[in-house]
Amino acid sequence: MTSSTVTDVSTLLMIDSASARDRDDAFTVTPLAGGRGWAVEVHIAGVADVVELGSVADEQAFLRAEARYLRSRTIPMLGETAEQAATLSSESVRTSLRFAGTITTGGRLVDVTVGRGQIAAGRCVAVDHAEVPAVLTDSAHPLHPQLVAADAAAQALLTARRDGGALAFYDLTRGWAANEDGAIVAIAAELRTVAYVIVQELMIATNEAVALWCVEQGLPILFRNHRPNPVAGSTDELMTEIAAAAGDPDLFAKLRGRLLSTLRAATYNPTVHGHYGLRLSAYSHVTSPLRRVADLINQRIIFAHLDRSPAPYTSDQLAALGTDLNRRSRAAREAKKNHFKHADQRIVAEQAATADLAALDSRRFHKVLKAEAAGPLRGELAAELVRRVDADLMTAPDVAVLIDAADPSWRPIQLRVLDTLADTHPEMGPSVVSVWRQAHPDQPPTDVEIRRNGADHNPLFAARATHLNIRGPWTTGTAKKPAEQAALWAAVRAQLTGTDNPDTDPDWPTTEPSPHPTTPPPAPQDSGPAPSAKPHRTTTPAALNLDGAKKSKALSNPTAWLMSLAQKNDQAPPVWDFHTDGPAHAPRFTATVHLAGHTATADATTKTAAKTASATALVEMFFYAALN
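Everything numeric in this text was worked out from a predicted model, so none of it was measured.

Participant: A description of the overall build of the chain should follow, citing residues and the corresponding values.
Facilitator: When its secondary structure is counted, the chain shows 19 helices and 21 strands. Looking at the 628 residues of the chain, the share that counts as buried comes to 46%. Taking the contacts inside the chain whose residues are at least 6 apart along the sequence as the reference set, 63% of them involve residues at least 24 apart. For the chain, the computed accessible surface area is about 30,600 Å², with 53% contributed by carbon and sulfur atoms.

Okay, structure coming up:
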């Protein structure tokens, strides 16, 4: 690579929005003879020639660090006067940092030169993003040859970057692109044309070429370094995930959040360490000196080197500038994250008050539940929670949020959800506790104690969990895992009700469990949800001790009550048989429950509802027998 000062006469394209007032860059791309590639020339506004070190504009630049683009207005980094004096223009003479080289058909940059440039008045032409697609298809347009060449060169650069494993992603239809750190960011609607890709690829190539030139010159600048996070996965894997999720808005949103959390932010350093997201050995920021103070700092250093003038910053000053910019960048990212978090919370609150809760997808419903859990339970949300748990739509994160609700109005629905899921999805218990623990790293972990009893050929396991220092009851099972799963659900329930279980030893069954009926009774002809007359039973009522339990309590959660009754009376737990009938679009489920020689059957439109109805019928049977 070499350096030089050059004045050229070919037209330079300034591609930006029509309203842009801060034009940093202009370029021209010319195809080489024989299809050998493209000659490229890029000019960056010579801001360092206009904004003197220590001037008012320079102080403003360091205070702001970058230009800010708000919905209603733009805050120029340099202030309006200095910005307009330095911006590239189609009417005025401007100095520049000039980069030139050759882009091969394989997307490699060769024969690079970096030097000062002089742009004559009238040489730059402003082009709006929206104009470019039409120019590319209009062979009669005077800018057609240049833009066709620029588009082809940009595609060659992009293909080479992707082949090299870079996080290079553009979705102009939906308005998404990967930034240099690999995060997926939104593209403004007016920029969603092929012009966006052309400018991005040429500027990435320029930033890389200048960084490599500085390395060859032994010239310390603020290099843009990006280091990998070992847990993020390879760039190839991430690109595959991004492409697969692009058509699924919910999955794409989750992936964007994960990338923001796992990919590290790039930093400014006076030593070069490579760029992981772009898969480059060296990278810099030099193409936006009107908009980023780091680019202005680097331009000053490069101009001083080309002019053989004293360096504008000492080594210690340059390192301190990089450290300060990194600190301020972290603070800005945190503030932005909090801003969008609070905005999302406002939207969630509005949805919770006005939206049809049943129409919300799982991600949005979870956010509504999280927002509402801080206050009293509304009737609409309680009904939706019942619907979702009965329809088997509750997730472990939903339950983890639900059990955190502190207002007493939540208690009935909390117990309803816990008891239903402990019965229908015992395997979810460890996941619920794990998700809760991740949200409360400062709280003690939920411990589980395991005991074993019985012969080796017929073991019995007992488990007890302690959640937030409240001990749940001992639960038993013929295998370790089911006992542990049941214990976790029981401990969370005990903590919610404030019921500590101090028993030091499990209450092991002292009798052999009653055998289950091997042949279920025939299904009843009545299709009602539960029998209202005296239910049919296959044997004489067993001597089950009801311990004075209230019927209303038993019927509030009949499935859990039957399991508890079996445990107290040293009986095998209840067992359900299911039968499905009817067309696929409107099935009918029949459930038959067996406990201690008794059976009850009921049907419903869902499996969970049929199970609950059969349990209710059996509870009615036991209380009917006890009263008669």
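After that view of the structure, there is still more to cover.
Participant: I'd like a rundown of the nonpolar core, residues and numbers included.
Facilitator: Judged by nonpolar contacts, the single largest core of 73 residues is most densely connected at Ile-15, Phe-27, Val-29, Leu-78, Leu-202 and Ile-297. When residues of this core are assigned to their parent elements, the largest contribution, eleven residues, is made by helix α6 (residues 194-217). Once you skip the residues sitting within four places of it in the chain, Phe-27 turns out to touch Thr-11, Leu-12, Leu-13, Ile-15, Glu-41, Val-42, Gln-146, Ala-150, Ile-198, Val-199 and Leu-202. Counting 39 residues, the second-largest nonpolar core is a separate cluster that includes Val-368, Leu-385, Ala-400 and Ala-483.

Participant: Which residues make up the packing of helix α14 (residues 411-424) against helix α16 (residues 480-497), and what values do they have?
Facilitator: Where α14 meets α16, the axes come as close as 10 Å, and the angle between the chain directions of the two elements is 170°. Taken together, α14 and α16 sit at an angle that is classed as roughly antiparallel. Between α14 and α16, the contacting residues are Arg-411, Gln-414, Leu-415, Leu-418, Asp-419, Leu-421 and Ala-422 on the first element and Trp-489, Val-492, Arg-493, Leu-496 and Thr-497 on the second. Partitioning the contact of α14 with α16 into residue classes produces seven nonpolar, two polar and three charged.

Participant: Describe in detail the environment of Pro-574, supporting the description with residues and values.
Facilitator: By the element assignment, Pro-574 lies in the loop between α18 (558-568) and β19 (575-581). Remark: the alpha-carbon pair of Pro-574 and Ala-596, spanning 22 residues in sequence, is separated by 7.9 Å. In this view, Pro-574 contacts Leu-562, Met-563, Ala-566, Val-593, His-594 and Leu-595; residues no more than four positions away in its chain are not counted.

Participant: I'd like a description of the confidence of the model for the chain, backed by residues and values.
Facilitator: On average, residues of the chain score 84 in pLDDT, and 87% of them reach the 70 mark or higher. Here residues 3-8 is a poorly scored stretch, pLDDT under 50, and it has 16 contacts once near neighbours within four places are set aside; other chains count. The low-confidence segment residues 511-543, where pLDDT is below 50, has 43 contacts with residues more than four positions distant or belonging to other chains.

Participant: How would you explain unusual backbone geometry if you had to name every residue and give the values?
Facilitator: The backbone of Asp-111 sits at a positive phi, close to 55°, despite the residue not being glycine. Counting through the fold element by element, Asp-111 comes out in strand β8 (residues 109-119). Given a relative accessible area of 62%, Asp-111 falls into the exposed group.

Participant: Could you give me a rundown of the pairing of strand β3 (residues 25-31), with the residues and numbers involved?
Facilitator: Most of β3 sits inside the fold, with five of its seven residues counted as buried. Here seven bridges tie β3 to strand β4 (residues 38-45), and the two strands are oriented antiparallel to one another. Within β4, the residue paired with Thr-30 across the bridge is Ala-39. Joining the antiparallel neighbours β3 and β4 is a turn of six residues, in which Gly-34 adopts a positive phi near 75°.

Participant: Quick one: what's the story with the side chain of Thr-102, residue by residue and with numbers?
Facilitator: Tracing the sequence through the fold places Thr-102 in strand β7 (residues 94-103). Setting aside its immediate chain neighbours within four residues, Thr-102 contacts Leu-32, Trp-38, Arg-108, Leu-109, Val-110 and Asp-111.

Participant: Give me helix α12 (residues 379-390): which residues, what numbers.
Facilitator: The end-to-end C-alpha distance of α12, which contains twelve residues, comes to 17 Å, matching closely the 16 Å that a straight helix rising 1.5 Å per residue would cover. Along α12, the positions that sit buried rather than exposed are Leu-381, Ala-382, Glu-384, Leu-385, Arg-388 and Val-389. Along the axis of α12, the buried residues cluster in a sector spanning 165°; they form a single face. Exposed side chains of α12 directed beyond 90 degrees from the buried face belong to Gly-379 and Glu-380. Contacts made by the buried residues of α12 are with α11 (362-372), α13 (396-402) and α14. A positive backbone phi angle near 65° is found at Asp-392, which sits one or two residues after α12.

Participant: So what's going on with the sheet that holds strand β10 (residues 170-171)? Residues and values would help.
Facilitator: Read across the sheet, three strands follow the order β10-β11-β12 without closing on themselves; strand pairing throughout is antiparallel. The open sheet has two free edges, formed respectively by β10 and β12 (184-186), since each of these has just one partner strand. Note that strand β11 (residues 176-178) and β12 share three bridges and pair antiparallel. The partner of Trp-176 across the bridge, within β12, is Ala-186.

Participant: Tell me about the packing of aromatic side chains, and please be specific about residues and values.
Facilitator: By the definition in use, this model includes three aromatic pairs. Members of the aromatic cluster, each reached through a chain of ring pairs, are Phe-169, Trp-176 and Phe-252. For the cation-ring pair, Arg-224 lies above Tyr-268, with the distance from its terminal atom to the ring centre recorded as 4.4 Å. Positioned above the aromatic ring of Phe-365 is the side chain of Arg-388, whose terminal nitrogen or guanidinium carbon lies 3.9 Å from the ring centre.

Participant: I'd like a description of the side chain of Arg-23, backed by residues and values.
Facilitator: Counting through the fold element by element, Arg-23 comes out in the loop between β2 (12-16) and β3. For the buried Arg-23, which has no salt bridge, the nearest side chain bearing the opposite charge is Asp-16, at an N-O separation of 4.8 Å. When sequence neighbours within four positions are dropped, the list of residues in contact with Arg-23 reads Met-14, Asp-16, Ser-17, Ala-18, Ala-45, Thr-87, Leu-88, Ala-126, Leu-290 and Arg-291.

Participant: Please provide a residue-by-residue account of the sheet that holds strand β20 (residues 588-595), values included.
Facilitator: The strand order across the open sheet built from three strands is β19-β20-β21, with neighbouring strands paired in antiparallel fashion. What marks the edges here is a single partner per strand, and that holds for β19 and β21 (598-604). Across the sheet, the mean angle from the axis of one strand to that of its neighbour is 15°, orientation sign disregarded. Alignment of β20 against β21, held across seven bridges, turns out to be antiparallel. Of the residues in β21, the one forming a bridge with Val-593 is Ala-600.

Cut-offs applied
Residues numbered from 1 in each chain as written. Predicted model: local features only at pLDDT ≥ 70, side-chain atom pairs only at ≥ 80, totals over all residues. Heavy atoms only, no water. Helix = DSSP H or I, 4+ residues; strand = E, 2+ residues; numbered from the N terminus. Buried < 20%, exposed > 50% of the residue type's maximum accessible area, 1.4 Å probe, protein only. Contact = heavy atoms within 4.5 Å. Areas by Shrake-Rupley, 256 points an atom, 1.4 Å probe, with all protein chains shown as cover. Core = buried A, V, L, I, M, F, W, Y, C linked by side-chain atoms within 4.5 Å. Axes fitted to C-alpha atoms, helices over the stretch in contact; angles between N-to-C directions. Parallel < 35°, antiparallel > 145°, perpendicular 65-115°, else oblique. Nonpolar A, V, L, I, M, F, W, Y, C, P; charged D, E, K, R; others polar. pLDDT = per-residue confidence, 0-100. Pairing = 2+ DSSP bridges. Expected span 1.5 Å × (residues − 1). Arc of directions from axis to C-beta. Phe/Tyr/Trp six-rings, centres within 6.5 Å; stacked < 30°, edge-to-face > 60°. Lys NZ or Arg CZ within 6 Å of the ring centre and 35° of its normal. Lys, Arg positive; Asp, Glu negative; His and termini not counted. Salt bridge = Lys/Arg side-chain N within 4 Å of Asp/Glu carboxyl O.

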